[in-house]
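A structural walkthrough
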Amino acid sequence: MDIFDSVLNFVMPPLSLVMLAFAWPTLTFINTCEWLYSTYFCEDMEHKVVIITGASSGIGEQIAYEYAKRKATLVLVARRETRLHGISENCRLLGSRNVLIIAADVVKEDDCRRFVNETINIYGRVDHLVNTASLGHTFYFEEAADTSVFPILMDINFWGNVYPTYVALPYLRQTQGRIVVNASVENWLPLPKMSLYSAAKSALTNFYETLRFELRDEVGITVATHGWIGTELTRGKLMLEEGADMQWKEEREVHVTGGKIEEFAKMIVAGACRGEAHVKYPSWYDIFFMYRVFAPNVLYWTFRFLLSNEGRRTSLIGTGRALLESPSPPRDGSGRLIAGSPVTFSQSPPRQQLKFE
Ligand SMILES: NC(=O)c1ccc[n+]([C@@H]2O[C@H](COP(=O)([O-])OP(=O)(O)OC[C@H]3O[C@@H](n4cnc5c(N)ncnc54)[C@H](OP(=O)(O)O)[C@@H]3O)[C@@H](O)[C@H]2O)c1
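These notes cover the structure that comes with them. Note that the structure is predicted; figures quoted are calculated from it, not measured.

Take helix 4 (residues 109–123) next. For the α-helix, the turn length of 3.6 residues means that residues three or four positions removed from each other point alike. With 15 residues, helix 4 should reach 21 Å at 1.5 Å per residue; the first-to-last C-alpha distance of 21 Å fits that figure. Turning to helix 4, its buried residues are Asp111, Cys112, Phe115, Val116 and Thr119. Projection of helix 4 onto a plane perpendicular to its axis shows the buried side chains occupying an angular sector of 130 degrees, all on one side. Away from its buried face by more than 90 degrees, helix 4 exposes Asp110, Asn117 and Asn121. In the core, the buried residues of helix 4 are packed alongside strand 1 (49–53), strand 2 (73–78), strand 3 (99–103) and helix 5 (149–175).

So, about the packing of helix 2 (residues 58–69) against helix 8 (residues 261–273). At a minimum axis distance of 8 Å, the contact between helix 2 and helix 8 shows a crossing angle of 55 degrees. Classed by the angle they form, the pair helix 2 and helix 8 counts as oblique. In this structure, helix 2 crosses over helix 8, and the sense of that crossing is right-handed. The segment helix 2 lies against helix 8, with Gly58, Ile59, Gln62, Ile63, Glu66 and Tyr67 engaging Ile261, Glu262, Phe264, Ala265, Lys266, Ile268 and Val269. Per-class residue counts for the contact of helix 2 with helix 8 are eight nonpolar, two polar and three charged.

Here the focus is unusual backbone geometry. Along the chain, Tyr281 connects to Pro282 via a cis peptide bond; the corresponding omega equals -10 degrees. Residue position: Pro282 is located in the loop between strand 7 (278–281) and helix 9 (287–294). One non-glycine residue, His47, lies in the positive phi region at around 70 degrees. Note on placement: His47 falls in the loop between helix 1 (3–40) and strand 1. On the neighbour-count criterion, His47 (13 C-beta atoms within 10 Å) is partly exposed.

Calculation criteria
Residues numbered from 1 in each chain as written. Predicted model: local features only at pLDDT ≥ 70, side-chain atom pairs only at ≥ 80, totals over all residues. Helix = DSSP H or I, 4+ residues; strand = E, 2+ residues; numbered from the N terminus. Expected span 1.5 Å × (residues − 1). Buried ≥ 20, exposed ≤ 12 C-beta atoms within 10 Å, placed from the backbone. Arc of directions from axis to C-beta. Contact = placed C-beta atoms within 7 Å. Axes fitted to C-alpha atoms, helices over the stretch in contact; angles between N-to-C directions. Parallel < 35°, antiparallel > 145°, perpendicular 65-115°, else oblique. Left-handed = near helix turned anticlockwise from the far one by under 90°. Nonpolar A, V, L, I, M, F, W, Y, C, P; charged D, E, K, R; others polar.

Okay, structure coming up:
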């Protein structure tokens, strides 16, 4: 390494932190002015059309209610159509005049084309595309006995956002619309037992941050980043329901700590209507990013410490307990699982349990 880089390695981190500390009040002032301006000129969603993927539960469902209160026309997408019926009724009661439900799998490009085209045929426009379809997991990477679930996790968490975006973009350009993405703090905060989910979410964030530059404000992008919120994802997928993916055995009952999803959904929709690039909940999590850059060992030691605490139960997505064994899910000729079909992970016995409470 040449001497120049060696000096900068030593000098730049503390210098940058000092400069940032001095710039902080000015940056806060600018951000506050921007926030006040965008709050005053907030987008009116009445007569606007919003497509929400993953609307059959959790954050997607609550986001639908928030848009409904703003009188938006809604297109609710998920695979479990039965759940969408009840949610669409609630949306109507809350203020939406038009609610369309479409059963579709976001991993399939054709399905994505179908729900976007159907929206255009019926309502003639798309103003917001909200991507919340997702699938979580909690197991140590080497405990997974079946590698064919790996691409399924990547498919739903990454391609399941990219396909709807690709198909809807030409229409979003016409309305100078907005894409809302549900990322996660695991984008950059490495949490044990969530390696594939974190990898997909990192890819997702980098994809949309790059796309933001390519679209140059012609279509807005709001990336929502949050920690743990009590939803189906954190409680484990519903079992034995049409279209449910994971069949976590006991995790539905796991008590989950964290913010309220209603509050977070309200923040996301308000942020999207104000045209914000990022919505964070809670925003203090950002500080972990500094640790990741400047003191990664601190994060590493923290997780080592938490993992060494035998006997602590997890309150994250899963518990590491063996998952329910069910009849083999459908596979194609090469023996790989067919995407979109119910999946069961079989795991080796858990090593230990983890708790964040
Ligand atoms: N909950 C948390 O603590 C937390 C934390 C960080 C980030 N997040 C993120 O927030 C978003 C929403 O999470 P959530 O907690 O609300 O999850 P959730 O309750 O499990 O909901 C996931 C939704 O995705 C849908 N979905 C899954 N696979 C699909 C597919 N192939 N095609 C169409 N729809 C599909 C599900 O509906 P169907 O099964 O009916 O298709 C369901 O409506 C996700 O992006 C998640 O990563 C959540």
